[in-house]
Amino acid sequence: MKLTLHVWRQKNAASQGKMERYEVEANEHMSFLEMLDVLNEELIGKGQEPVAFDHDCREGICGSCGFVINGVAHGPMPGTTVCQLHMRHFKAGDELYLEPWRASAFPVVKDLVVDRGAFDRIIASGGYISASTGSAPDANAVPIPKKYADLSMDAAQCIGCGACVAACPNASASLFTSAKISHLGVLPQGEPERRERALRMVATATAEGFGNCTNIGECEAVCPKGIRLEFIARMNRDYIQASWLQRQESSAGGVG
Amino acid sequence: MSTATTALAGKAARDVRFLDSTIGKKVVMAITGVILVGFVIGHLLGNLQVYQGPHALDVYAEKLKSLPPLLWGTRIVLLISVGLHIWSAVTLAGLQKRARPVGYVKLKPVTSTYASRTMYWSGPILALFIVYHLLHFTTGQAHPQFVEGKVHQNLVLGFQNPLVSASYILAMLMLGMHLYHGVWSMFQTVGVNHPKYTPMLKKLAAAVSAFLVIGNISIPISVLAGVIK
């Protein structure tokens, strides 16, 4: 199958980029990234610079890959990352536009590669549990009802790919931040720092330059892991409670 | 004493931080939204008395004017709500611009509704409409045959102009769109989202929008059709 690609080419963070047109011969058994590998081999053969894109596991679980295909983050199939998207979903003659995630908090490094360090900094600001870990605790030493374990696991599926930010008209990181807040907050181990965590991570997301949430739902629709808007409501709840109910620490407190 | 001051400073600082935050601003938008939706529902219920004959509206207006604390209390609360609603929208829109300076060549929305994507358009259009509506039926500067206190007559003469009626009908369609997203969205913003209730809230939003659009639009159409004289 012959395809026409329009790919965002940008040499580095400082340079101006533009869309470039390429023709590529693919077959339906390839994954989308394998199709790009074919294009890149051709480009290298011609002595041109290959198209840079992020990828690692190519199994849809690492969160490395992702770009926008014809205006949809991770392409037209729901619940998949770009690496798990296959060429059988396209037909000969298709014209595809490939663009990097667009957000000021995700500066383009090169072509389709963006710097998602802002996500790491959001996690570093509160996406952890302060407890001495020691050796692994016994399984089920802390009993957790199944529905809470399930809810936590649903949120913990987030692989931090950034598609939510890319799809959001406000370039908001709310879905990502809420997933990272919720997978800890619904468990007893994460409860003590639940509200402080929400305060810090939401503040960091804004400081990094992500926009606000307008409850539009595009993030949920493109999320390869099915993270739900429900978690954003939960984050808002945590944040509102934290803002209004948080107690101040006092040196006189807790002496008995 | 010192503890009290520290606590106060801490609390005041917290309020400022809350209103500085994106979630805090959205909460302001949601709460003022509830007030404004409540008002437009009450406003329509009052105005539907236009179908009870030529005197009902005049009597209703007289009754409202005889209760200045209620009238002015409502007006002040509404003015503050509209102001805060706009403040929140304007500051957040600025943030949105900064968050995505470079847009996409191709962008295809997957699930979002047209209403949800156009809130930053329907809002300002409604604000302009409110100004016109007040000048038209409340103070009369935009109404060539305005007579103070003759509410029913002002309404009929105003809507007999097809252009005026058309602008009201368009504005009400905008209101319907704005609330189709807004009425559900305000619950999500304050943290109410549950598999059991969210589908119901979305239906509630659609019902509220439909009621307001149909109820309000019926009035200029009835005037143009000669049902209300």
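Student: Residues and numbers for the interface of chain B and chain A, please.
Tutor: Between chain B and chain A, the contact holds 41 residues from the first and 46 residues from the second. When the two sides are added together, the surface that chain B and chain A hide from each other amounts to roughly 3600 Å², 56% of it contributed by carbon and sulfur. Taken together, the connections running from chain B to chain A amount to zero salt bridges. Here chain B is connected to chain A by 24 residue pairs in polar contact (both at pLDDT 80 or more). Looking at the side of chain B that touches chain A, the elements with two or more residues in it are helix H1 (2-20), helix H2 (22-47), helix H4 (68-99), helix H5 (114-117) and helix H8 (162-189) of chain B. Looking at the side of chain B that touches chain A, its residues break down into 18 nonpolar, 13 polar and ten charged.

Student: Summarise the state of the cysteines; cite the residues concerned and give the values.
Tutor: Residues and elements named next belong to chain A. Inspection of every chain in the model, using the stated rule, returns zero disulfides over all chains. Here cysteine 57 is not cross-linked by a disulfide; its sulfur's nearest cysteine counterpart is in cysteine 62, at 3.6 Å. A relative accessible area of 26% means that cysteine 57 is categorised as partly exposed. Its sulfur unpaired, cysteine 158 is 6.4 Å from the next cysteine sulfur, which belongs to cysteine 164.

Student: Could you give me a rundown of the side chain of threonine 80 of chain A, with the residues and numbers involved?
Tutor: Position of threonine 80 of chain A relative to the elements: it lies in the loop between strand S4 (72-73) and strand S5 (95-99). There is a polar contact of 3.2 Å between the side chain of threonine 80 of chain A and the backbone oxygen of methionine 77 of chain A.

Student: Before we move on, can you summarise the environment of isoleucine 228 of chain B with the specific residues and values?
Tutor: Residue and element names in this part refer to chain B. Residue placement: isoleucine 228 occurs in the segment after helix H9 (198-225). Each C-alpha atom, one on isoleucine 228 and one on glycine 53, is 8.0 Å from the other, the two residues being 175 residues apart in sequence. When near neighbours in sequence (up to four residues on either side) are disregarded, isoleucine 228 contacts Val50, Tyr51, His152, Val156, Ile219, Ser222 and Val223.

Student: Residues and numbers for the sheet that holds strand S3 (residues 68-69) of chain A, please.
Tutor: Each strand in a sheet pairs with its neighbour through backbone hydrogen bonds, running either in the same direction (parallel) or in the opposite one (antiparallel). Residue and element names in this part refer to chain A. Strand order in the open sheet formed by five strands is S2-S1-S5-S3-S4, with mixed pairing between adjacent strands. Whereas interior strands pair on both sides, the edge strands pair on one side only; in this sheet they are strand S2 (18-25) and S4. Across eight bridges, strand S1 (residues 2-9) lies against S2 in antiparallel orientation. Across the sheet, residue threonine 4 finds its bridge partner in S2, namely glutamate 23.

Basis of the calculations
Residues numbered from 1 in each chain as written. Chains lettered and ligands numbered in written order. Predicted model: local features only at pLDDT ≥ 70, side-chain atom pairs only at ≥ 80, totals over all residues. Heavy atoms only, no water. Contact = heavy atoms within 4.5 Å. Buried area = accessible area lost by both parts, 1.4 Å probe. Salt bridge = Lys/Arg side-chain N within 4 Å of Asp/Glu carboxyl O. Polar contact = N/O pair within 3.5 Å; in protein donor to acceptor, adjacent residues only side chain to side chain. Helix = DSSP H or I, 4+ residues; strand = E, 2+ residues; numbered from the N terminus. Nonpolar A, V, L, I, M, F, W, Y, C, P; charged D, E, K, R; others polar. Disulfide = S-S within 2.5 Å. Buried < 20%, exposed > 50% of the residue type's maximum accessible area, 1.4 Å probe, protein only. Pairing = 2+ DSSP bridges.

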